[in-house]
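# Commentary on secondary and tertiary structure
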Amino acid sequence: MAASDADYMEFFPKPSPYDNQRAAMDEIRDALDGGRDVLFEGACGTGKTLAALAPALAHAQAEDKTVVITTNVHQQMRQFVREAREIHDAEPIRAVVFKGKGSMCHIDVDYEECQVLRDNTHELVDAERDKRQLEERQSALLDEAQAGDDEAADARQAVMDELEAVEEELDDLEDGNVCERYYENLVGDNDDFYQWLYDGVRTPEDIYDYAEEAGLCGYELLKDGIEGVDLAVCNYHHLLDPGIRAQFFRWLGRDPEDVVVVFDEAHNVEDAARDHAAETLTEHTLDGALDKLGETGDPRAEAAERVLGAFRDALVETYEASFGPGGKGPARAKSAVESNWADVPVANDDRRDDLTLSFLQAYTGPGISEDVDDALGLGEYLDEEYEDAYRNGDATTRRDCHVLAAAEFVEAYVERGGEFGQYPTAAVRRDDRTGDVYGRAELYTCIPREVTTDLFDAVHASVLMSATLRPFDVVGDVLGLEDPVELAFGLQFPEDRRRTFAVDTEPLFSSNREDPATQQEVAGALRDAMRFTPGNCLFFFPSYAEAERYHDMLRDVDGTRYLDEPGVAAEDLRQEFVADGNGALFTSLWGTLAEGVSFDGDDARTVAVVGVPYPHLDARAEAVQDAYATAFADRDAKHGDGGGRRRRGSEDAGWRYAVEIPTVRKTRQAMGRVIRSPEDFGVRMLVDRRYTAASRTGMRKYSVNSTFPPEERAEMVDVDPEKLRFSLLNFYGDLEAYDGDPPSP
């Protein structure tokens, strides 16, 4: 069947697809029809979103399913909205864009308070309805009684008694806490809202503004009106958190097997899944729990206080012991602790972690399990009390139950902290308000498939897409995908309009980054890039500190230098840089500009990644590496490294899966910031000997060349640093890109 005849073309709003898009849509449609997952890598700017959405929507329409597309990148969310609007204009679909309650709430209450307000408001509206019905009934019976019907008189008296009870209930409910906006949702006619909602594709901000003006709760209207939509746009949170996912699917009116999921920027699912699985408990929560236990006369309080008090003492003892010489903590002294959480490693290779051991030492009682059970029971009782108090108006806010939260965490930490793939840790931070240092315990899940396998097994099928998803076998292993369809499409744009140079500078190992000769060689390559690029240059470094170093070293070069700094919003800087036309932006590869941000056309012509930007390997990252080493040793030995060499076993598997492949993915993402359309042109530079083809034999275990996909390796041209200027000059000169005479080498 020709692409123009395919049913998915109804949902493809462009005049015609690229050849790669057409091929991808055919294969994705076939895979979804067979209920198979898809791993889809497509180069930046090649239309992956539409290539996944069009066949997914066609399949969902034919099989009565809903498509959910999700991302963790804000710019991609905006792109989804634009493309959903284009689809809607071509083939009207019912589409919604979903964000969490916190970003849409008009009265700024948390989830628990919102639940109580909703329930109270429902009860109030139900009671008002009952009152109206009873009043109508008693009025009718009064007419019948006045006409001489004795049975009607008796029935009316029963109705009047019931009416009196309802009026008393109403008095209590009106004194309690309700949400006035949600009340208007329940008593009003919302047809106009839903007509407006589905006349286009509305953002959460659009819905908030509509509801703000109308005195409604837009979030609840959206939840109540999304059943059976064709397309839902959301963030990762709605799918990776099991509890939220179950609720979200209920709102959609779909069982999991009736949902097709499209993950964009899917190379980020691995980290996001780990973060969503993490469980934490702060010292403040423990203090709140112990304060409450000291106030209650419940007989279970003594047991709860024994176990939670011992855990609190153990946490403090553990992080206090980390300060000073020889400690495991992030600071040499308590005075050096800052406001961001910093891990205090507690895990041990041959026994339980230090926090658990300290807890076992501190605890005195008949048994931890028995006392935890009492703490859980008491916590559940107190939690119900808090809800009743808020519901009845005896409290103005819905209190969190610290006893229940602490007991649930301690149970999980003790029972699961020693299991494979679990990383127990502590952390400290300084309170910005009080200046006090306090601690946190955490149970971190190292293996993402322990979180994601249930999701991918439950839904009908999924499409995971990214510009940097390969190697596919690693994605399947890490996320728990069984026999997915694998699609990979490189840049279809003209090859003569791009160059990728692997610049043979000294490798920027951590041991020689301070070497002046190495720094001068790297700075020379960047200097040539700035001089011989007819436009802006975008430079990515392993850290903000390295970015600042080379920003300062290149102060002698013509053109404006822009320095991206940590903790400073980058968008204003990006816009200023884009408008310059002859500048260089220095930033970290691990910052916000390396992915999800486009530098189209003249925005940037040359992009460079300097060094192999491995992340800082703290104890948490090493725990992930160790877990991967055990989990994937056999798979890695079987598949090799992508360049014809076999790996050497578990140690290499951990490094490759947890460090090298994610780092090269980030590098490839940064390279994809330029060359975004067939008319675009530019240069990608990899400034470090480890990227060169020659390094595969010359440096072997340090080389990262073979970690790139084959067609990308084929485009990499090894260049000596002293010849880089001529390579740049020839490329841009051949394209007649210089405004006037080219610079002299």
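Parameters at a glance
Counting starts from 1 at the beginning of each chain's written sequence and moves along it residue by residue. Where local features are concerned, this predicted model is filtered to residues with pLDDT of at least 70; where side-chain atom pairs are given and counted, the filter is 80 or more; whole-chain, interface and lining totals use all residues. Water and hydrogen atoms were dropped before computing side-chain values, which therefore reflect all heavy atoms in the structure. UniProt positions are given in the numbering used here, feature names are shortened, and annotations may be inferred rather than shown by experiment. Helix numbering and strand numbering both begin at the N terminus, where a helix is a DSSP run of H or I of at least 4 residues and a strand a DSSP run of E of at least 2. We call a residue buried when its accessible area falls under 20% of the maximum for its residue type, exposed when it is over 50%, and partly exposed in between, using a 1.4 Å probe and counting protein chains only. Should DSSP find at least two bridges between two strands, the strands are regarded as paired. Convention used here: a crossover is right-handed provided that the path from the first strand, over the helix, to the second strand proceeds clockwise when the strands point away from the viewer. Values of pLDDT, ranging from 0 to 100, describe the predictor's confidence in every residue of the model. Should any heavy atoms of two residues lie within 4.5 Å, those residues are considered in contact. Angles run from 0 to 180 degrees between N-to-C directions of axes, and those axes are lines fitted to C-alpha atoms, restricted for helices to the stretch in contact. Salt bridge, as used here: a side-chain nitrogen of Lys or Arg that lies within 4 Å of a carboxyl oxygen of Asp or Glu. A cavity here means a set of points on a 1 Å grid, drawn over the protein atoms and nothing else, where a 1.4 Å probe fits but cannot get out; a pocket is an open set with protein on both sides within 12 Å along at least five of seven lines, and a residue lines either one if it has an atom within 4 Å of a point. Grid points are joined across faces, edges and corners, and a volume is the space filled by probe spheres set on the points. The set of buried Ala, Val, Leu, Ile, Met, Phe, Trp, Tyr and Cys residues whose side-chain atoms join them within 4.5 Å is what this entry labels a nonpolar core. Note that the domain bounds were set by an automatic or database domain assignment.

## Considerations on the UniProt feature "coiled-coil region" (unreviewed entry) in the protein
UniProt's feature table lists "coiled-coil region" (unreviewed entry) at residues 117–176, given in the numbering used throughout. Along residues 117–176, the helical share is 93% and the strand share 0%, with 9 Å between the first and last C-alpha atoms.

## Some words on the pairing of strand β15 (residues 583–588)
Within β15, six of the six residues are buried, leaving the element largely enclosed by the surrounding structure. Here β15 shows a buried face lined by Gly583, Leu585 and Thr587 and a second buried face lined by Ala584, Phe586 and Ser588. Taken together, the five bridges between strand β13 (residues 537–541) and β15 define a ladder with parallel strand orientation. Directly across from Cys537, in β15, lies its bridge partner Ala584. Direction of pairing for strand β14 (residues 560–563) relative to β15: parallel, over a ladder of four bridges. Of the residues in β15, the one forming a bridge with Arg561 is Ala584. For the segment spanning β14, helix α22 (residues 571–580) and β15, crossover handedness is right-handed.

## Section: the confidence of the model for the protein
For the protein, per-residue confidence averages 91 on the pLDDT scale, and residues scoring 70 or more make up 96% of the total. Across residues 641–650, where pLDDT falls below 50, the model places 24 contacts with residues more than four positions away in sequence or in other chains.

## Looking at the sheet that holds strand β3 (residues 95–97)
Spatially, seven strands are ordered β3-β4-β2-β5-β10-β1-β11 in an open sheet, and the strand pairing comes out parallel. Pairing within the sheet leaves two strands with one partner each, and these edge strands are β3 and β11 (485–489). Sheet twist, expressed as the mean angle between neighbouring strand axes with direction ignored, is 15 degrees. Relative to strand β5 (residues 259–263), strand β2 (residues 66–71) runs parallel, the two sharing five bridges. If you follow Thr70 over to β5, its bridge partner there is Phe263. Most of the contacts of helix α2 (residues 48–63) go to β2, to which it runs at about 160 degrees, and overall it touches β1 (38–42), β2, β4 (231–235), β5 and β10 (461–466).

## A closer look at the pattern of salt bridges
Considering all chains together, one arrives at 52 salt bridges under this definition. Residues Asp19 and Arg22 are paired through a salt bridge, measuring 3.1 Å at the closest nitrogen-oxygen approach. Of this pair, Asp19 and Arg22 both sit in helix α1 (residues 19–33), three residues apart, which is roughly one turn of the helix. A salt bridge links Arg440 to Glu442, with the shortest nitrogen-to-oxygen separation between them at 3.4 Å.

## What to know about the pairing of strand β12 (residues 498–503)
Of all six residues in β12, five are buried, a share of seventy percent or more. Of the strand pairs in this sheet, β12 and strand β18 (residues 716–719) are connected by four bridges, and their pairing is parallel. The residue of β18 that forms the bridge with Phe501 is Val717.

## Considerations on the layout of surface pockets
In this structure, the largest pocket encloses a volume near 1,600 Å³. Residue lining of the largest pocket: 46 residues in total, with Asp271, Trp590, Gly591, Pro615 and Lys666 positioned closest to the centre. Elements with a contribution of two residues or more to the lining of the largest pocket: α3 (74–90), α12 (269–277), α22, α23 (619–631) and α25 (650–671). Ranked by the residues each element gives to the lining of the largest pocket, the list is headed by α25, at six residues.

## Some thoughts on the nonpolar core
When a protein is soluble and globular, its nonpolar side chains tend to lie buried together. Core analysis: the largest hydrophobic core is formed by 56 residues, its most contacted members being Ile226, Phe248, Phe263 and Leu464. The element contributing the most residues to this core is helix α19 (residues 472–479), with five residues. When we break this core down by domain, the ones giving at least three residues each are domain 1 (20–94 + 228–275 + 460–487) and domain 3 (279–364 + 404–446). Dropping the residues within four chain positions of it, Leu464 is found in contact with Val38, Leu39, Phe40, Phe263, Ala266, Phe456, Leu469, Leu479 and Leu481.

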